[in-house]
Amino acid sequence: MTETRTRVLHWFVSGGVAKTSEGGQFTIDVDPLVIGRDPGASVVLADPEVSAFHCELRAVGEGILVKDLGSTNGTFLGAVRVREAVVATPSELTVGQSRVHIEPQAKRRVEVGYSDRFGPLVGNSPKMRRVFGILEKVSGTPLSVLLLGETGTGKELVAKAIHDASDQKAGAFVVVDCGSIPPTLAESILFGHEKGSFTGATERRKGALAEADGGTLFLDELGELPVELQPKLLRALSEKQVKRVGGNAFEPIEVRVVAATRRDLGAEMNAGRFRSDLFFRIAQVRIELPALRERLSDLPLLVEDVCQRVGKPQHVSTVLAWIEQRMASHDWPGNVRELVNVASVAATLADEPGAIDDVLTLARDEGRIDPPRALGEGESGFSDAKRTAISAFEREYFTSLAKRSKGNVSEMARQSGMERHHVRAYLRKYGIDKSAV
C-alpha cells in the first residue's frame, strides 16, 4: 500500500482589487470574479452593452487572468480586444460602456492542503492539492457541484469520488450523458414515463432523477442538455419532485447533483443556449480540474497508481523512464485519460523488448481503432510481432475489464479512463459480448 503523503505545500498568487466606474470595489482571488449584467454575476453592471456574463478575473501566479466569456461587445485592454490575457500591472478594462480598473498586488501565499489523494484520485501538485482540499470540504454537504475542465481530466472519476465520500454513498450513483441523449427521449430519460405515454413506451419506467433518489445524479456534458428541458430540470431540482411523461402525480426525490462540462457555459448563457438560473442552481460549488500539462509534477504519482492498478507495480521506473525519454515534449492533449492508456500499455509490455515503443502510436490512434493490418510486403516479422502483442494485450485487457465491470460500459470507462464510445469500439473490434460476461 502506498504511504499517504502529508507534506504541506503553498501556492503563490498575485491577487488584487477591481474598481468599477460605478464606485464598487472587489477583491480578486483564486476563484473567478465574474463581471456581467445578470444578477447572478459577482460584479453586476447596469450597462445595456454588457453581456449577462461578460468576463471573469482571477488571481494567478503571474498577475490577474482576464478572460472574456463570449461577450457580445468584447472585453478591451486599452484599444486591444482580448479573449484571455494576464495583466501584471495596474490596467483599465473596458466592458460595454463601463470601465473596470484592476490592480494586481504583491504575491501572497495560499495554502493548498495536506493530502495528495482523494479517493482514487492522486496528485501532489499545488493545483491538485487545492482541488482535493475543496473536495474534502464539500463532499459531505448537500451542495451541488459543477466540474469544469478539458476532456480527459477525470471529471466523472471526481464525481464518483464525491459520491463515495458523501452521506449519500449508500444510494445510487446514476450517470446521464447529456451529450448522447436523443432529443425525443430526453424528457423520458430524466423524468421517466408511464406505459403508453408515447410510441415504444411498453412499460412504466423510472427516470434518472428517481433512480438517483437518495444518491447522486451525475450530469455529464451538462452544456449539451437540450434548452427546452432545462426549465423542467430546474423545477424538479428546486421542488424536489418529478412527474413522469404521461403521468399526473408527482414523486418526491432527494438527489445530490454533480455535473460536468467542457463547454464555456458563460458563452452558452450569453448566446441563450443555457439558462443562468439552472447554472446557479447546479454550480453552487465550481471546481476546475487542471489539464495534465499544467500539473506535470504529478506524472510519477499517476504512473505509480496506474501500474499498481494493472498489477505491474514493478514496472513503475521503466514506464517513467520511457515517458521521460520518448514523450518529454508531449503536451498530453488527452490529459490523464491519455496518460492512463499510455502507462497501462507500457507497463503491460515492459518485459517485451521494443514493444513498448508502439505505445505512443497506439495512444495517438486511440480515436480510430482499426483492425490490425496484414503484414505488408517489405515489413519485418518484428513489426508484425509487435502488432500481434498489442492486439493480444487489447483483447485480454478489455475481456478482463468487461468481466470485472459485469458488462457495464460506464464502469468500464471509469476503470480504463477512456470515453464510453472508445470502450464500445474496442468491444466491437474484438467481438467481446458485454451481455455474456
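As the structure is a prediction and not an experimental result, all values here were calculated from the model.

A. Main features of the pattern of salt bridges. Throughout the structure, instances matching the rule amount to 18 salt bridges. One salt bridge connects lysine 127 with glutamate 294, and the closest N-O pair in it is separated by 3.3 Å. With lysine 127 in helix α1 (residues 126–138) and glutamate 294 in the loop between β24 (285–288) and α8 (299–309), this residue pair connects regions lying 167 residues apart in the sequence. Residue classification places glutamate 294 among the partly exposed positions, given a relative accessible area of 43%. When the shortest N-O distance is used, the salt bridge between arginine 273 and glutamate 268 registers 3.0 Å. Connected through salt bridges with shared partners, the residues Glu224, Arg263, Glu268 and Arg273 form a single ionic network.

B. Looking closely at the packing of helix α13 (residues 409–416) against helix α14 (residues 420–429). Two elements in contact, α13 and α14, have axes whose closest approach is 9 Å; the angle formed by their N-to-C orientations is 105°. Accordingly, the angle class assigned to the pair α13 and α14 is roughly perpendicular. Two secondary-structure elements touch here, α13 through Val409, Ser410, Met412, Ala413 and Ser416 and α14 through Arg420, Val423, Arg424 and Leu427. Here the residues of the contact of α13 with α14 sort into 5 nonpolar, 2 polar and 2 charged.

C. Broad picture of the confidence of the model for the protein chain. Averaged over every residue, the pLDDT of the protein chain is 83; residues scoring 70 or more account for 86%. Per-element mean pLDDT across the protein chain ranges from 46 in helix α11 (residues 359–364) up to 96 in strand β23 (residues 256–261).

D. Representation of the packing of α8 against helix α9 (residues 316–326) within the structure. For the pair α8 and α9, interaxial distance at closest approach is 9 Å and the crossing angle is 135°. When the axes of α8 and α9 are compared, the pair comes out oblique. Crossing angle aside, the handedness with which α8 passes α9 is right-handed. Together, Leu299, Pro300, Val303, Glu304 and Cys307 of α8 and Val316, Val319, Leu320 and Ile323 of α9 make up the contact between the two elements. Among the residues making up the contact of α8 with α9, the classes are represented as 8 nonpolar, no polar and 1 charged.

E. View of α8. For α8, the set of buried residues is Leu299, Leu301, Leu302, Val303, Asp305, Val306 and Cys307. Where α8 is buried, its residues meet β14 (117–118), β15 (121–122), α9 and α10 (335–349). Downstream of α8 by a residue or two, glycine 311 has a phi angle that is positive, lying close to 75°.

F. Quick look at the sheet that holds strand β6 (residues 55–60). Strand order in this open sheet of 5 strands is β5-β4-β6-β7-β10, and the pairing throughout is mixed. Each of the sheet's edge strands pairs with one partner strand only, and the pair in question is β5 (43–44) and β10 (84–87). Relative to β5, strand β4 (residues 33–36) runs parallel, the two being bridged by 2 bridges. Opposite glycine 36, over in β5, you have valine 44 as the bridge partner.

G. How the structure looks around the sheet that holds strand β20 (residues 216–220). With respect to topology, 5 strands assemble into an open sheet ordered β17-β20-β23-β16-β24, the strand pairing being parallel. Across the chains shown, the open sheet's two edge strands, defined by having one partner strand only, are β17 (173–177) and β24. Taken pair by pair, the neighbouring strands of this sheet meet at an average axis angle of 20°, ignoring direction. Pairing between β17 and β20: 5 bridges, direction parallel. For aspartate 177, the partnering residue across the bridge sits in β20 and is aspartate 220.

H. Looking closely at the nonpolar core. Val176, Leu209, Leu217, Leu219, Leu222, Leu225 and Ile282 are the most contacted members of the largest nonpolar core, which has 37 residues in total. If you list the elements that add at least two residues to this core, you get β17, α3 (186–191), α4 (208–211), β20, α5 (230–239), β23, α6 (265–270) and α7 (276–282). With 4 residues, α5 is the single largest residue contributor to this core. Leucine 222 has contacts with Leu146, Cys178, Ala259, Ala260, Thr261, Leu265, Phe274 and Ile282, leaving out every residue within four places of it along the chain. Grouped together as the second largest cluster of nonpolar side chains are 22 residues, Leu299, Met327, Leu339 and Ala343 included.

I. Broad picture of unusual backbone geometry. For lysine 240, which is not glycine, the phi dihedral falls at a positive 55°. By secondary structure assignment, the location of lysine 240 is in the loop between α5 and β21 (241–242).

Rules behind the numbers
- Residues numbered from 1 in each chain as written.
- Predicted model: local features only at pLDDT ≥ 70, side-chain atom pairs only at ≥ 80, totals over all residues.
- Heavy atoms only, no water.
- Salt bridge = Lys/Arg side-chain N within 4 Å of Asp/Glu carboxyl O.
- Helix = DSSP H or I, 4+ residues; strand = E, 2+ residues; numbered from the N terminus.
- Buried < 20%, exposed > 50% of the residue type's maximum accessible area, 1.4 Å probe, protein only.
- Axes fitted to C-alpha atoms, helices over the stretch in contact; angles between N-to-C directions.
- Parallel < 35°, antiparallel > 145°, perpendicular 65-115°, else oblique.
- Contact = heavy atoms within 4.5 Å.
- Nonpolar A, V, L, I, M, F, W, Y, C, P; charged D, E, K, R; others polar.
- pLDDT = per-residue confidence, 0-100.
- Left-handed = near helix turned anticlockwise from the far one by under 90°.
- Pairing = 2+ DSSP bridges.
- Core = buried A, V, L, I, M, F, W, Y, C linked by side-chain atoms within 4.5 Å.

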